[in-house]
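# Structure at a glance
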Amino acid sequence: MQMLKAIWDFFQYQILAMKWLDGLIGRGLSAIGLDTSARLGGSIEFFLYDVIKITILLCSLIFLISYIQSYFPPERSKRILGRFHGVWANCISALLGTVTPFCSCSSIPLFIGFTSAGLPVGVTFSFLISSPMVDLGSLLLLMSIFGAKVAIIYVIVGLIVAVVGGTIIEKLHMERYVESFILSAGSVDIESPDLTKKDRLVYAKEQMLSTFKKVFPYILIGVGIGAIIHNWIPEEWVSLVLGSKNPFGVVLATLIGVPMYADIFGTIPIAEALLYKGAQLGTILSFMMAVTTLSLPSMIMLRKAVKPKLLALFIGICTIGIILVGYFFNTIQAFII
């Protein structure tokens, strides 16, 4: 048992969290005369460490996930979802969203394609919620910072929000609020050719490079904000606004996160810095979920496909779900960290 714990700790801290990299950067900065215990030196160390760490994890994860995704092209995904009905269809749709390494804006074209193919609108909304919120990348990145318990519970509750949200939309028969051009588009279900292993590796590489180019600016912005919070903003400020003394911290963090646009890779450095400064775990996760699921650009794109009433219901369900998840994590924080 002790050996298993040692192996897990090594994986947690040296493989995922890359603590060796933090030490290496710290020694390098000290060697050129920077004091990493001072604000400026600490900010530079935080920035370099998180940018390099997240970039390595991002490229590795996107390559792996894209390789897996090559076995599930849209046509096959449609056929898989079409075999299930009721809440099981919502569950499979939410799980399918976990193997799509997309931000919310990138998920919307697939959502439109699935809806045009005749899949129930509630099922497609379960996919739309889970895809940006709980992909496999978020599991490992959260694990690298918050630990396995937090990461696994985060993914589980994210999937629950996706399934419940899609089910509510389905039960309310909201398909009449999908724009008519989406419903009448139909789809030609072309059989995807069988790919060789080399084809899949090329596809995974292309997806990795494409995703990295789109995401990297947000990583730089997120890590930059995280470095400022980590080294320049007083701890008592963060604790006062987002700590346990503010019962509305979760609501505030959710509302702040909604108009922003980023994905899990850009928000995690901010979350890491906020936790270090005394913000509550659930409050931080609510901010992350709001940014990745309800960003303003993605809502503008979604409005092109659905009518205002369905869009408002989607935003309302996600917002309430995110707030409840935040308070849930704040309640159990002492037991999982």
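Scope of this entry: the structure provided in the associated data block. As the structure is a computational prediction, the values presented were derived from the model and not from experiment.

### A few points about the packing of helix H7 (residues 121–133) against helix H17 (residues 308–336)
It is the contact of H7 with H17, at a shortest axis distance of 12 Å, that shows an interaxial angle of 50°. As summarised for this structure, H7 and H17 are arranged oblique, according to the angle between their axes. You can see that H7 and H17 cross each other, and the crossing is right-handed. Residue-level contacts link Val121, Phe125, Leu128, Ile129 and Met133 of H7 to Leu310, Phe314, Cys318 and Ile322 of H17. When grouped by side-chain class, the residues that make up the contact of H7 with H17 number nine nonpolar, no polar and no charged.

### Quick word on the packing of helix H2 (residues 19–31) against helix H3 (residues 39–69)
Axis separation between H2 and H3 bottoms out at 10 Å; the angle between their running directions is 140°. Considering their axes alone, H2 and H3 lie oblique with respect to each other. H2 and H3 meet at a crossing whose hand is right-handed. Mapping the contact onto sequence places Lys19, Leu21, Asp22, Ile25, Gly26 and Leu29 in H2 and Gly41, Ile44, Glu45, Leu48, Tyr49, Ile52 and Lys53 in H3. For the contact of H2 with H3, the per-class residue count stands at seven nonpolar, two polar and four charged.

### Quick notes on unusual backbone geometry
Here the phi dihedral of His173 falls at roughly 55°; this positive angle occurs in a residue that is not glycine. Its location among the elements puts His173 in the loop between helix H9 (148–171) and helix H10 (180–183).

### Regarding the nonpolar core
Counting 81 residues, the largest nonpolar core has Phe125, Tyr154, Leu302, Leu310, Phe314 and Phe329 as its most contacted members. If we skip the residues at most four places from it in the chain, Phe329 touches Val150, Ile153, Tyr154, Val157, Leu281, Gly282, Leu285 and Ile336. Formed by nine residues, the second largest nonpolar core is a distinct cluster that contains Leu81, Ala89, Val99 and Val123.

Parameters at a glance
- Residues numbered from 1 in each chain as written.
- Predicted model: local features only at pLDDT ≥ 70, side-chain atom pairs only at ≥ 80, totals over all residues.
- Heavy atoms only, no water.
- Axes fitted to C-alpha atoms, helices over the stretch in contact; angles between N-to-C directions.
- Helix = DSSP H or I, 4+ residues; strand = E, 2+ residues; numbered from the N terminus.
- Parallel < 35°, antiparallel > 145°, perpendicular 65-115°, else oblique.
- Left-handed = near helix turned anticlockwise from the far one by under 90°.
- Contact = heavy atoms within 4.5 Å.
- Nonpolar A, V, L, I, M, F, W, Y, C, P; charged D, E, K, R; others polar.
- Core = buried A, V, L, I, M, F, W, Y, C linked by side-chain atoms within 4.5 Å.
- Buried < 20%, exposed > 50% of the residue type's maximum accessible area, 1.4 Å probe, protein only.

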